[in-house]
Amino acid sequence: MKKTILAVLTTGLLSLQAYAADTVKIALTGPYTGGSAPMGVSMRDGAKLAIEEINRAGGIQVGGQKMKIEVVERDDEGKNERGALIAQELSSMGDLAGVIGTVNTGVVLAGDKYFQEKGITKIITPAAGSASMTQWSKAGVKDLSIFRFSADDGIQAAMVVEEAINRKLTKVAILHDSTNYGVSGRDDLLDQIKKQGNKLQVVATEKFNIGDKDMTAQLLKAKFGGAQGILIWGIGPELAAVSNGMAKLRMKQPLIGGWTLSMSNYIDNAGKNGNGTLMPQTFIEDPITPKVKSFIDSYHKAYGVSRIPSPMSAAQGYDAVYVFAAAVKQAQSTDTHKIKDALEDLRDPVKGVIATWKQPYGKWDPANEQTHEAFRRAQVVMGMVQDGRVVFANKADRQRLIKEAGK
Amino acid sequence: MYTLLIVQLAVSGALMGMVYALIAYGFQLTFATSKSINFGQGELVMLSAFFSLTLIDSGLPYWLVVPGGMLFGAVLGLFVERTAVRLSLEQKGEGWILLTIILGLLGFSAAENIWGRDDRPFPTPISSDPLHFFGIDVTPLELSVAIGVLAVMGLVELFKRKTLLGKAFEAVSADRDAAQLMGISATRTIQLSYGLSGLVAALAGILVAPITTVGPTMASVLILKAFSVAVVAGLDSGFGIVLVGLFLGALESLTSFYLGSGWREAPGLVLLILALAVRPNGVFGKASIRKV
């Protein structure tokens, strides 16, 4: 009897080891419930779509064999303390090839130090807060295992200010929420206004808390200050409260802000009051090329929706998996350190739905975070809310992307 | 122009204040009869709003959803009274404090599991397009809150004054032991007050849901404000609660304009401290006479 148990146990262990050795284990983390869930769920589902495609084709060619991708999912609920716990758990797993995900900048700041300590390769997507990467340059880290696959707030703030200037606005109000994300967004905006020649006069800088529904006071300050436009940094539900408040006070000024204005819980809760709102986007749910069309169609089909909750999170999750897979293939290993080295010097271009990624990253240089940032200004366009969807705000962007994909 | 601005701020704030008042009124109803309150009242508001949303999703028209949701709230109120309050009152204990908190937590977890953790919009036939009155912008939605609050409070007060059952209610509130000696069942009356309190909470949830959206945490901020209103006004006066609610709402709105939006929560707390320091029975409360 004892022998059989022992035999069962050993075969069990052996098969477990065998199982572990022929898969590439990737963790997908993000808020799958709560206020940021539209981004987290879309990112996860987009990533899983890519993983399914890779696995259906047999997996990634590593050494002499094809390895399938195995997924570990963790819901951080958008809470910093949950994020820290999950990062500790994942970084002690030992056989993890890498981590993809995280939506909230606060969660990045709470958790990423554990990955960096163990040298586990992580691609942050779609968290955009500047601090996610600048924390490492400020600390002067020499060797970094954290990469980002998202248009950082610096690029976004630059575009928001640019848009306001292009629209010939001279007086604007800045509204932001009181989280890490909102406050750093405000600083980025003020910084960009200065950089772009102080053409905008800020007549009011107002904040609001998560859960606030009455924005009358903040909006009246903007209105009576003579603001011709509102620049905003926050997340879905509160952004909707701002749009609804503007409609109540008959404020017709354009609302321009971070990409969170494309979240479904903004678009749904603001309804028709959201029309015309502008925000930077890395991906628009518009089938402009066959590749984009097949991505959108397969997302709709796989998850039974007619609209992706957060299209750019989905597309970034999808492309991030392909970039990661390319690094595994180049490294010819599931060792997370080797994958990091490969990511820093990716030789073959990776065809994604957002763009074709040629050498997205370089060797980490603490003096220049851009070495671990994949997105540049060219990959980001202005989006606009129209009847419950995000469309291209400028026709020229649409034409440009079609042309680039044709090359 | 400037006065218009102040009036606009005060009106917008005061309309939100009406919701605080309605929830505070729910505290007042049960406190009057039983000297106990439901610390899970916020969850009652939230659960009733979710239930009403489910009714709407099932295709019921709005005018049926409102009484349906209120009935659900009343049943929840009765459930709280039976499970958390009755036995502990019979034993003249304070067990209801912990038990109502626990029931609230239970309700919160139940909501998260049944309806999920996301904020959801609450569709309503009442328009949110602004109306213009003397230079002030108000939405019909906000007006519906004010009308609903005043109507239900008026009806309950009328019931307390004009009907036999209502008079029993007042008698138990005035002196429970004496009322019992007169043949009035205190248990029944307390039960009634919890049912009414649940009904009022449900109405508050339905009225405020189109503005705040529906989610498990929708009432967590409201309930704290309602506590402040109840304590500042005193737990004896129904109309005092409305006045303090209006005042606090307007004050919050004005504070966040003049002192900055970060100070929004401050006036409620300052009022609470002031009231407790100067008039511990509330601005509209009766001084308690304790026989020695």
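Counting restarts for each chain, with residues numbered from 1 along the sequence as it is written. The lettering of chains begins at A and the numbering of ligands begins at 1, in the order of writing. Whole-chain, interface and lining totals are the exception, using all residues; otherwise, since this is a predicted model, local features are given only for residues with pLDDT of at least 70 and side-chain atom pairs are given and counted only at 80 or more.

A. Focus on the overall build of chain B. A helix here means a DSSP run of H or I that spans at least four residues, while a strand means a run of E at least two residues long, and both kinds are numbered starting from the N terminus. A count of helical and extended segments in chain B gives eleven helices and two strands. Ordered by position in the sequence, the α and β elements of chain B form the string α-α-α-α-β-β-α-α-α-α-α-α-α. Just to be clear, the radius of gyration here is over C-alpha atoms, and the globule rule we use is 2.2 Å times residues to the power 0.38. Taking 2.2 N^0.38 as the reference for a compact globule, 292 residues should give roughly 19 Å; the C-alpha atoms of chain B span a radius of gyration of 19 Å, in line with that estimate. Here the C-alpha coordinates of chain B stretch approximately 60 × 50 × 35 Å along the principal axes. To sort residues by exposure, count the other C-beta atoms lying within 10 Å of each residue's C-beta; 20 or more gives buried, 12 or fewer gives exposed, and values between give partly exposed, all with C-beta atoms placed from the backbone. Counting the 292 residues in chain B, one finds 49% classified as buried. Note on contacts: residues are paired as contacts if their backbone-placed C-beta atoms lie within 7 Å. In chain B, the proportion of contacts linking residues at least 24 apart, taken out of those at least 6 apart, comes to 73%.

B. Expanded view of the overall build of chain A. Within chain A, the secondary structure is distributed over 14 helices and 15 strands. Against the compact-globule benchmark of 22 Å for 407 residues, chain A has a radius of gyration of 22 Å, which places it among compact chains. Each of the three principal axes of chain A carries a C-alpha extent, and together these read 85 × 45 × 45 Å. Of all intrachain contacts in chain A linking residues separated by at least 6 positions in sequence, the fraction that spans at least 24 positions is 74%.

C. How the structure looks around the interface of chain B and chain A. In this assembly, 24 residues from chain B lie in contact with 25 residues from chain A. Mapped by element, the contributors of at least two residues to the side of chain B that touches chain A are α1 (2-34), α8 (186-212) and α10 (238-258) of chain B. Here the side of chain B that touches chain A takes five residues from α1 of chain B, the largest share from any one element.

D. Structural detail: the nonpolar core. Residues and elements named next belong to chain B. Residues Val-19, Ile-23, Ala-24 and Val-229 are the most contacted members of the largest nonpolar core, which totals 207 residues. In terms of residue count, α1 provides more of this core than any other element does, 17 residues in total. When near neighbours in sequence (up to four residues on either side) are disregarded, Ala-24 contacts Ala-226, Val-229, Ala-230, Ala-233, Ile-241 and Gly-245. When buried Ala, Val, Leu, Ile, Met, Phe, Trp, Tyr and Cys residues are joined through C-beta atoms within 7 Å, the set is termed a nonpolar core.

E. Looking closely at the domain arrangement of chain A. Residue and element names in this part refer to chain A. Domains are outlined according to an automatic or database domain assignment. What the domain assignment reports for chain A is domain 1 (2-151 + 289-375) and domain 2 (154-281 + 382-406). Computed from C-alpha atoms alone, the centre-to-centre distance between domain 1 and domain 2 is 30 Å. The set of elements that each furnish at least two residues to the side of domain 1 that touches domain 2 consists of α2 (37-56), α4 (105-118) and α12 (311-331). The biggest single contributor to the side of domain 1 that touches domain 2 is α4, with three residues. Just so you know the grouping, Ala, Val, Leu, Ile, Met, Phe, Trp, Tyr, Cys and Pro go in nonpolar, Asp, Glu, Lys and Arg go in charged, and all remaining residues, Gly too, go in polar. Among the residues making up the side of domain 1 that touches domain 2, the classes are represented as ten nonpolar, eight polar and one charged.

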